[in-house]
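One-letter residues, chain by chain:
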Amino acid sequence: MTRDDDTPEITPLAGAIPARHGIVAVSDLRARSLTVKEQGGRLISLWGSDERATTGGYHLQVALSDSDGLLWLSVPLPSLAYPALEDIFPNAARMQRTLHDLLGLHPEGARDLRPWVRHGAWSAHDFPLRKDFVPPCPAGRLEDYPFVAVTGQGVHEIPVGPVHAGIIEPGHFRFAVVGERVLRLEERLGYTHKGLEKRAEGMDLDTLMRLAGRVSGDSTVAFSWATAMAAESILALKPPPRALWIRALLLERERIAQHLGDLGYLCNDAGLAAGFSQFWILREEWLRTQQQIFGHRLLMDQITVGGVEHDLYPDGAVEMTAELGRVELRVRQLDDMLQEHAGVQDRFLSTGRVKPDMAARFGMIGLAGRASAQAWDLRVQFPSVPYDHCDVRMATQSSGDVAARVRVRFEEIHESVRLLRHFLVRMPHSALQTHCPPGCKGSGAGWVEGWRGEVFVALQLDAGGKVQRWHPVDPSTTNWPLVEQAIMGNIVPDFPLINKSFNLSYSGQDL
Amino acid sequence: MAGLLRQILSLGLLGEALPPTQPEWMSAEVDHIQQSVLRHFGRSLGVRLVDAGSCNGCELEIHALNSPQYNLAGAGIRFVASPRHADILLVTGPVSRHMEEALKRTYDAIPAPKWVVAVGDCGATGGLFGESYAVCGGVSRIIPVTVTVPGCPPSPLRLLQGILTAVSGSAPNSLPPQPE
C-alpha cells in the first residue's frame, strides 16, 4: 500500500491502534472515500469542527476504516458546503443531518435534509457546536417532523414512543402496516440529545473521562478506554502493561454482563419468563462481584488517562476465576435449553433478518454485523495490548436473524470467559498509572471493540490541554438504519424482539 | 424443557428479604414502610418509568430491580406499561429539552394520588450534563418530585428504598448520597 506515502500530509498517529491522520482538500474527499470503499473499507464517522479561531473556517472530519487501520481525514472547507458521501457510504446520511443540525454545514447532493437530532429546542439558524453559539432563552418549541407517508389501500400507521411500554430509552417508531405486517418503519431519534459534545468543550481531561463514561451507560468501559486512548495518543503516554490488561478485563466483563442481560430479555420477549429469570440471576451475581472488586456495579470511572483506578485485590483474581467456572457451566446449560425449546426457536428463527449483502451495503458493524456475516472485530483485526497475545476467535453467523444474534452472544460469552481466564493467569505485575504530563495541543483517536461493536473517539486538545473537540461514536449510529430494514415484512408484535436482539443505544447515537 | 425445570428447582428461591441487607443508611422503618405499602396498595403498587435523557446507566439498574434476588413482585411492586396504570413515576436523566413535553404529558396521564421519584444524580440536578441548550437540569425543574435518589447510578437497593420512601408519605425528600 503506497497510497498514503504519496501524500506526505497524512501521518501516523502515536498510540495503541494503527491510525493515520492528515489534512486533505475537499476536492479529493470523494475520490479518497471511493478508494476506501472499493477496497472493502467503511465509514466510521463523519463530523465537523469549528476552526475559525485558528484557520479561519470549518473542518469536515471523516474517519474511515481500511486494511491498514484507521484513516482520519480533516478537510478544511472554503465554504459551508461539502460533497455528500451517502451514495458511497449509506451510514453517512444521518451523520450529515446531525452535522447540519449542530454545526450548519451543508452536504451537497444529499437527498434527505430533514433535521435529525434537532427537534426545535434550538432554531434552524442556531448551531450549538459553533464556538460563538448562544443558547436560546427560553428554549424553542418542538417542531413537527415530516415522516415519509406510506399510502395505499389498507395501509395504516402506528406511532410508538418516545415513551415506551417497557423500561427502555426514548425514541419514536412510525410503522406503516397492512394488517399485522410491517411495510415500512421509520425511526425518529434525538430525544436523549444532551449536548455532550458541546458540554465537553473546555473540559479538563479528568472531567472528560467522567463524561466519557456516561455516553452510553451500558458501554462505559468501552467509551472510557477509547477516550483515554485518544488522550494518550496526544500526550504520547504509554500506560503500564498491567493497566492495559485490567482495562481488557473490564471490557470483557462488560461484554459478558451485557450479553447475559440481553439473552434474558430476548427470552422474556419470546415469552419465556423462566429464561429471563435465569439469565438475570447470573447477571446480578456478576454485577455484585464487580461492586465488590472494583467498587462499581457497572464499572464506571475505572479507567484514567494513563492507567486504571483500581487493582484487583489479593483474592479478587481467585474469586473471579471461581465465578467464571460457575457462569460458563450455567450459560451452557441455558444454551442447551433454549436450543431444545421449540417455542423460543420458533420466535427466534428467520425473524428480523438482515441479509449479508444488505449488511455489507450499510456498513453494518459489531455484534449485529457479525450475525450478518460482517467479520469486523477490532480485537481480531487490529489487536492492541493485551489482545495481541491471545488470538481472539471471532464469532460470526450468516443467517442475520434474531437467532443469529442470539448465537453470536452465546459464542462471545464463551470466548470472553476464555479471555478472562487468560488475563487472570497471565496478567503482568507493574504500576497502574503512568504520570500524566500537562496537556498539549494535538489530535488523537481511540478505537475499542465494545460489546455492541466498535467505539470510536476523536479528540482535539487546545494549547492549554483542555478539550477543543471531543467526538464519541457509538456503533449504534451506523446500525440503527438496519433495524428499519430488519423489521420489514415481519409482524408488529415481533418488533420488540427484533429491537432487543440489536439492543442499540439511543443515548449513544443522540449524544 | 425438563432441563429448564431442573435448573429452576436446583437454584431454588433466591428472593432476598426486603431489605436484603441492612446497611446503616437504611432505617429500621423500612419494615413499617413495607407494611404501609401493603396496607394502602394491597400488593399492587404500579411503577412507570420515563427515561428523560439518561445515559441508560440508571435503566440498567432499574432492570436489575427485576432480577429475582430483589423479589419485587413479593413486595407488591410491579412495572406497568401505561401511565394510566401507575401510582409512582420513576424519572431518569437530566430531562433533555426534547423529552420535556413527553415527561409532562406522562405525568399528567397518571391518576392522582401520584408520586415522583427522581432517579440518579442527573435526575436530581442534571448531574454531569448540568443545564444547557439541550438539557433542563433535573426533574424537579419540570414536574413536582416526591423523593430524589442520588447515585450514578443508584443501586437497585437504593431505588427500592426510594420507591418505598416516596409512598410512606413522611419521608425526607432526598436520600443521603450513595455510600462508596
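Calculation criteria
Residues numbered from 1 in each chain as written. Chains lettered and ligands numbered in written order. Predicted model: local features only at pLDDT ≥ 70, side-chain atom pairs only at ≥ 80, totals over all residues. Heavy atoms only, no water. Pairing = 2+ DSSP bridges. Helix = DSSP H or I, 4+ residues; strand = E, 2+ residues; numbered from the N terminus. Axes fitted to C-alpha atoms, helices over the stretch in contact; angles between N-to-C directions. Contact = heavy atoms within 4.5 Å. 1 Å grid on protein atoms, 1.4 Å probe; cavity = no way out; pocket = protein on both sides within 12 Å on 5 of 7 lines; lining within 4 Å. Points joined across faces, edges and corners; volume = space filled by probe spheres on them. Nonpolar A, V, L, I, M, F, W, Y, C, P; charged D, E, K, R; others polar. pLDDT = per-residue confidence, 0-100. Salt bridge = Lys/Arg side-chain N within 4 Å of Asp/Glu carboxyl O. Polar contact = N/O pair within 3.5 Å; in protein donor to acceptor, adjacent residues only side chain to side chain. Expected span 1.5 Å × (residues − 1). Buried < 20%, exposed > 50% of the residue type's maximum accessible area, 1.4 Å probe, protein only. Patch = residues over 30% accessible without salt bridge, like charges linked within 9 Å, V, L, I, M, F, W, Y side chains within 5 Å. Areas by Shrake-Rupley, 256 points an atom, 1.4 Å probe, with all protein chains shown as cover. Right-handed = clockwise from strand over helix to strand, strands pointing away. Domains from an automatic or database assignment. Buried area = accessible area lost by both parts, 1.4 Å probe. Phe/Tyr/Trp six-rings, centres within 6.5 Å; stacked < 30°, edge-to-face > 60°. Lys NZ or Arg CZ within 6 Å of the ring centre and 35° of its normal.

Draft legend 1. Quick look at the sheet that holds strand 8 (residues 155-160) of chain A. Residues and elements named next belong to chain A. Across the sheet, which stays open at both edges, the 3 strands sit in the order 8-9-10 with antiparallel pairing between neighbours. The open sheet terminates on both sides in strands that have one partner only, identified here as strand 8 and strand 10 (181-188). Each strand axis lies, on average, 20° off the axis of its neighbour in the sheet, ignoring direction. The sheet contact formed by strand 9 (residues 172-178) and strand 10 spans 7 bridges and is antiparallel. Of the residues in strand 10, the one forming a bridge with His 172 is Arg 188. Across the sheet, helix 14 (residues 476-487) touches strand 9 and strand 10, and the angle it forms with strand 10 is around 165°.

Draft legend 2. Fine view of empty space enclosed by the protein. All names here are of chain A. According to the stated counting rule, one finds 10 cavities of 30 Å³ or more in the structure shown. Size it by volume and the largest cavity reaches roughly 230 Å³. Together, 23 residues line the largest cavity, and Leu 46, Thr 98, Glu 197, His 471 and Leu 511 are the ones closest to its centre. Put simply, the parts of the chain that give the lining of the largest cavity at least two residues each are strand 3 (42-51), helix 2 (92-103), strand 15 (467-473) and helix 16 (507-510). Residues of the lining of the largest cavity, tallied by class, amount to 11 nonpolar, 7 polar and 5 charged.

Draft legend 3. Structural context of the confidence of the model for chain B. Mean pLDDT for chain B: 83, with 80% of residues reaching 70 or above. Predicted confidence for residues 19-27 of chain B stays below pLDDT 50, and this span has 14 contacts to residues more than four positions away or in other chains.

Draft legend 4. Examining the layout of surface pockets more closely. Approximately 1,000 Å³ is the volume attributed to the largest pocket. Around the largest pocket sit 40 residues that line it, and Gly166(A), Ile167(A), Ile168(A), Asp269(A) and Lys500(A) are the ones nearest its centre. Elements with a minimum of two residues in the lining of the largest pocket: strand 8, strand 9, helix 6 (241-269), helix 7 (273-294) and helix 15 (495-502) of chain A together with strand 1 (45-51), helix 3 (57-64) and strand 2 (77-79) of chain B. For the lining of the largest pocket, the element with the highest residue contribution is helix 6 of chain A, accounting for 6 residues.

Draft legend 5. Structural context of the interface of chain A and chain B. The interface of chain A with chain B comprises 63 residues on the first partner and 51 residues on the second. Put simply, chain A and chain B have 1 salt bridge between them. Of the charged contacts, one joins Glu61(B) and Arg297(A) as a salt bridge, the two residues approaching to 2.5 Å between their closest N and O atoms. Seen at the junction of chain A and chain B, the total is 24 residue pairs in polar contact (both at pLDDT 80 or more). Elements that contribute at least two residues to the side of chain A that touches chain B include exactly helix 3 (196-200), helix 4 (205-212), helix 6, helix 7 and helix 8 (316-340) of chain A.

Draft legend 6. Structural context of helix 5 (residues 220-235) of chain A. All names here are of chain A. If you check helix 5, its first and last C-alpha atoms are 22 Å apart, about what 16 residues at 1.5 Å a residue would give, namely 22 Å. Most of helix 5 sits out of view: 16 of its 16 residues are buried. Positive backbone phi, approximately 50°, marks Ala 236, located one or two places after helix 5.

Draft legend 7. Seen up close, a nonpolar patch on the surface. Residues and elements named next belong to chain B. Taken together, Met 1, Leu 5 and Ile 8 make up a surface patch of nonpolar side chains, about 270 Å² in accessible area. Along the polypeptide, Ile 8 turns up in helix 1 (residues 2-11). Classification of Ile 8 by relative accessible area gives partly exposed; the value is 34%.

Draft legend 8. Quick look at the pairing of strand 3 (residues 88-92) of chain B. Residue and element names in this part refer to chain B. The buried fraction of strand 3 amounts to 5 of the 5 residues, a majority that puts the element mostly inside the structure. Residues of strand 3 alternate between two faces, with Ile 88, Leu 90 and Thr 92 on one and Leu 89 and Val 91 on the opposite face, all of them buried. Sheet topology note: the strand 1/strand 3 ladder contains 5 bridges and is parallel. In the sheet register, Val 47 faces strand 3, and the bridge partner there is Ile 88. By the bridge criterion, 5 bridges tie strand 3 to strand 4 (residues 115-119) in an arrangement that is parallel. The residue bridging Thr 92 from the neighbouring strand is Val 119, located in strand 4. Considered for its hand, the β-α-β crossover made up of strand 3, helix 4 (residues 100-109) and strand 4 is right-handed.

Draft legend 9. Summary view of the domain arrangement of chain A. Residues and elements named next belong to chain A. For chain A, the domain assignment lists domain 1 (10-108) and domain 2 (197-474). Computed from C-alpha coordinates alone, the two centres of domain 1 and domain 2 are separated by 26 Å. Surface buried jointly by domain 1 and domain 2 totals about 2,100 Å² across both partners, of which 65% is contributed by carbon and sulfur atoms. On the domain 1 side of the contact with domain 2, Ile 17, Arg 42 and Trp 47 bury the most area, a combined 28% of that side's loss. One can count 1 salt bridge joining domain 1 with domain 2. A salt bridge links Arg 42 to Glu 454; the nearest nitrogen and oxygen atoms lie 3.0 Å apart. Across the contact surface, domain 1 and domain 2 share 6 residue pairs in polar contact (both at pLDDT 80 or more).

Draft legend 10. Just the sheet that holds strand 1 of chain B, in detail. All names here are of chain B. One open sheet accounts for 5 strands, arranged 2-1-3-4-5; its pairing is parallel. Bordering the open sheet on either side are strand 2 and strand 5 (147-149), each of which pairs with just one other strand. With strand direction ignored, the average angle separating the axes of adjacent strands in the sheet is 25°. Here strand 4 runs beside strand 5; their pairing, made up of 3 bridges, is parallel. Residue pairing for strand 5: Val 117 is matched across the bridge by Val 147. On the sheet, helix 4 packs against strand 1, strand 3 and strand 4 and is oriented at approximately 165° with respect to strand 3.

Draft legend 11. Layout of helix 3 of chain B. In terms of burial, helix 3 of chain B is a largely internal element, 8 of the 8 residues being buried. Within helix 3 of chain B, the full set of buried residues consists of Gly57(B), Cys58(B), Glu59(B), Leu60(B), Glu61(B), Ile62(B), His63(B) and Ala64(B).

Draft legend 12. Summary view of the packing of aromatic side chains. Residue and element names in this part refer to chain A. Going through the model one piece at a time under the given rule, you end up with 17 aromatic pairs over all chains. A ring pair is formed by Phe 175 and Phe 495, whose centres lie 5.0 Å apart and whose planes are at 75°; its orientation type is edge-to-face. Here the residue Phe 175 occupies a position in strand 9, and Phe 495 occupies one in helix 15, the gap between them amounting to 320 residues. Across this residue pair, the class does not change: Phe 175 and Phe 495 are buried. Taking the centre distance of 5.8 Å and the plane angle of 75° together, the rings of Trp 245 and Phe 423 count as edge-to-face. Here Trp 245, found in helix 6, pairs with Phe 423, found in helix 13 (residues 402-426); they are 178 residues apart in sequence, far enough to count as distant. Overall, the relative accessible area of 6% leaves Trp 245 in the buried class. Counting every residue linked through ring pairs, the aromatic cluster contains Phe 173, Phe 175, Trp 480, Phe 495 and Tyr 506. Just above the ring of Phe 147 sits the side chain of Arg 174; from NZ or CZ to the centre is 4.0 Å.

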